[in-house]
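Given next are the chains, with one letter for each unit.
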Amino acid sequence: MSAVRLLPEGRRRDSPPRCAPNILREVRAATGGDGADLVIECAGVPAAVGQGLTLTRRGGSYLIIGQYTDAGDTLINPHQIVHRQLDVVGS
């Protein structure tokens, strides 16, 4: 397993995450088309939760640790968790 870190350039720590529109394509290219073995959401922005689901490979793990305050709701497709056999852990 190799580590891939993709961060938008020029982002300040206090600004919301802004991923490039082609982030999924970049992750797939870096992982041989599969997606990441492990995705860690630590942005604290609700929209990042759904985005992380798309970056995780089938059978991969998704750790959600950035949602320690109630920043609001977000839309996700729970079928993707089951269909792609993801391990989703909150801590």
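For the structure, see preceding data.
Residues numbered from 1 in each chain as written. Predicted model: local features only at pLDDT ≥ 70, side-chain atom pairs only at ≥ 80, totals over all residues. Heavy atoms only, no water.

Describing unusual backbone geometry
The backbone of Gln85 sits at a positive phi, close to 55°, despite the residue not being glycine. The residue Gln85 is located in the loop between α3 (78-83) and β3 (87-90) in this model. (Helix = DSSP H or I, 4+ residues; strand = E, 2+ residues; numbered from the N terminus.)

A few points about the environment of Ala43
With respect to the secondary-structure elements, Ala43 resides in the loop between β1 (36-41) and α2 (47-55). In the structure, Ala43 is positioned 21 residues away from Ile64 in sequence and 9.3 Å away in space, judged by C-alpha atoms.

Some details on the side chain of Glu41
Tracing the backbone shows Glu41 in strand β1. Note on Glu41: relative accessible area 4%, which makes it buried. Setting aside anything within four residues of it in sequence, one finds Glu41 in contact with Ala48, Val49, Tyr62, Leu63, Ile64, Ile65, Gly66 and Gln67. (Buried < 20%, exposed > 50% of the residue type's maximum accessible area, 1.4 Å probe, protein only. Contact = heavy atoms within 4.5 Å.)

What about the sheet that holds strand β2 (residues 56-64)?
An order of β1-β2-β3 is seen for the 3 strands of this open sheet, with the pairing classed as parallel. The sheet is open, and its two edges are formed by β1 and β3, each paired on a single side. The sheet shows a mean angle of 15° between the axes of neighbouring strands, taken without regard to direction. Where β1 and β2 come together, 5 bridges link them in parallel fashion. Residue pairing in the sheet places Val39 in a bridge with Tyr62 of β2. (Pairing = 2+ DSSP bridges. Axes fitted to C-alpha atoms, helices over the stretch in contact; angles between N-to-C directions.)

Nothing here speaks to function; it is all geometry.
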